[in-house]
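Reading the structure
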Amino acid sequence: WGAFFLIRSNVIGSGKISFWRTAVASFLLALSVLCRPTLAVYCVCAAVFLLMAAFRFRKGNELAQGQTFAKNGVRYLVCAFLPMLCLAGVQMWYNYARFGSPLDFGIQYSLTINDFTHSQYHTSFVLIGLWNYLFAPPQFLPEYPYISTPFSKLDTNGFYFNDDGNTSGILFLAIPVAAYLLARASLRRLPDTKTRWKYGVMVGLPCVVMPLVIICSIWESGYAVRYTADFSWEILLGALTILFFLYQKSKNETKKDLTRKF
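Before going into details, it helps to say that this report is about the structure given with it.

Each value, and the rule that gives it
Residues numbered from 1 in each chain as written. Predicted model: local features only at pLDDT ≥ 70, side-chain atom pairs only at ≥ 80, totals over all residues. Heavy atoms only, no water. Helix = DSSP H or I, 4+ residues; strand = E, 2+ residues; numbered from the N terminus. Buried < 20%, exposed > 50% of the residue type's maximum accessible area, 1.4 Å probe, protein only. Contact = heavy atoms within 4.5 Å. Areas by Shrake-Rupley, 256 points an atom, 1.4 Å probe, with all protein chains shown as cover. Phe/Tyr/Trp six-rings, centres within 6.5 Å; stacked < 30°, edge-to-face > 60°. Lys NZ or Arg CZ within 6 Å of the ring centre and 35° of its normal. Patch = residues over 30% accessible without salt bridge, like charges linked within 9 Å, V, L, I, M, F, W, Y side chains within 5 Å. Salt bridge = Lys/Arg side-chain N within 4 Å of Asp/Glu carboxyl O. Core = buried A, V, L, I, M, F, W, Y, C linked by side-chain atoms within 4.5 Å. Axes fitted to C-alpha atoms, helices over the stretch in contact; angles between N-to-C directions. Parallel < 35°, antiparallel > 145°, perpendicular 65-115°, else oblique. Nonpolar A, V, L, I, M, F, W, Y, C, P; charged D, E, K, R; others polar. Lys, Arg positive; Asp, Glu negative; His and termini not counted. Charge placed at Lys NZ, Arg CZ, Asp CG, Glu CD.

1. Points about the overall build of the chain
Helix and strand content of the chain: 10 helices and 2 strands. Ordered by position from N to C terminus, the α and β elements of the chain give α-α-α-α-α-β-β-α-α-α-α-α. Dimensions of the chain, computed from the C-alpha atoms along their principal axes, are close to 65 × 60 × 30 Å. Every one of the 262 residues in the chain was classed for burial, and the buried ones make up 36%. Contacts in the chain between residues at least 24 apart in sequence constitute 67% of all its contacts with a sequence separation of at least 6. With an accessible surface of roughly 16,100 Å², the chain has 65% of that area assigned to carbon and sulfur atoms.

2. Observations regarding the packing of aromatic side chains
Here the structure, examined in full by the defined rule, presents 14 aromatic pairs. Taken together, a centroid distance of 6.2 Å and an interplanar angle of 65° make the contact between Phe-5 and Trp-20 edge-to-face. Residue Phe-5 is found in helix H1 (residues 2-8), and its partner Trp-20 is found in helix H2 (residues 19-35); the two are separated by 15 residues along the sequence. Given the relative accessible area of 52%, Trp-20 is considered exposed. Through a chain of ring-to-ring contacts, the aromatic side chains of Tyr-121, Phe-125, Tyr-133, Phe-151, Tyr-160, Trp-219, Tyr-223 and Phe-231 assemble into a single cluster. Over the ring of Tyr-247 we find Lys-256, and its NZ or CZ is 5.0 Å from the ring centre.

3. Quick word on a nonpolar patch on the surface
Taken together, the side chains of Leu-127, Trp-131, Phe-135, Leu-154, Leu-171 and Phe-172 define a hydrophobic patch exposed on the protein surface, amounting to about 510 Å² of accessible area. Looking at the nonpolar patch element by element, the count peaks at 3 residues for helix H5 (residues 123-135). Residue position: Leu-171 is located in helix H6 (residues 170-173). The class of Leu-171 is partly exposed, set by a relative accessible area of 31%.

4. A closer look at the nonpolar core
Core analysis: the largest hydrophobic core is formed by 25 residues, its most contacted members being Tyr-133 and Phe-231. Among the elements of the structure, helix H3 (40-54), H5 and helix H8 (193-217) are those that each provide at least two residues to this core. Of the residues forming this core, the biggest block, 6 residues, is contributed by H5.

5. Let's talk about the packing of H5 against H8
One way to put it is that H5 packs onto H8 with a least axis distance of 8 Å and a crossing angle of 125°. If you check the angle between H5 and H8, you find them oblique. Counted together, Val-126, Gly-129, Leu-130, Tyr-133 and Leu-134 of H5 and Leu-212, Ile-215 and Cys-216 of H8 form the full contact between these two elements. Here the residues of the contact of H5 with H8 are counted per class, giving 7 nonpolar, 1 polar and no charged.

6. Some remarks on a positive patch on the surface
On the surface, Arg-189, Lys-249, Lys-251 and Lys-255 cluster together to form a positively charged patch. Within the secondary structure, Lys-255 sits in helix H10 (residues 253-261). Looking at Lys-255, the relative accessible area reads 55%, which means it is exposed.

7. Considerations on the environment of Phe-159
When you line up the elements, Phe-159 lands in the loop between strand E2 (147-148) and H6. Note on Phe-159: relative accessible area 48%, which makes it partly exposed. C-alpha of Phe-159 to C-alpha of Met-92: the two residues are 67 residues apart in sequence and 32 Å apart in space. What Phe-159 contacts, discounting residues up to four positions off in sequence, is Ile-113, Asn-114 and Phe-125.

Pasting the structure below:
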């Protein structure tokens, strides 16, 4: 819902910005962090987008459609960041009251078989997550359930938690993710460098960079299929954005017909 209101507010895109939708988006995105700390990375994305939109209130900018900074810029900044800052303050107060530090989400109190207070960082653990979440290929067998995916620890020694059950990499689960290979071609169809940077950040930050940050950061927790809920739909959304953009710009009816059928 936070993403929905962020888009409907016209913060992303063009047109007159809706202040109340901006405030609702800020509140809901910050609220999601209180529900699950991992989602803080997408709150960072939202903050970047909200800040980018603030420049549209500069004098002479037609995208603001009469919303000059002198009249509405301060109002916009309040709607964009006050709800987020208020909920961040609540979260930091709660963390301090319960765990003794405003930046401690209580990881050392997790009741799991893994002792997080003595975990040692190893890059190979990060690679295990990247391989299994993104690239692990399915295996076809003549016995039930016929399709499975062997979990690979990449010959890494030491303890690495693997939850019961695993799945194929998202590249095989969602074939349209391969559209990222066409990212460069889609950027070339944009008119100038500034526009390429703008839309490159809007798609790349929440759909590529932040999902990779999440995958790399959960090395300590190990592997669990449920973690994919934090990044899989975002990765797919970015790929579909590229695919639909190229489809819209294409004048080759044969390619468009094949895309529809595929």
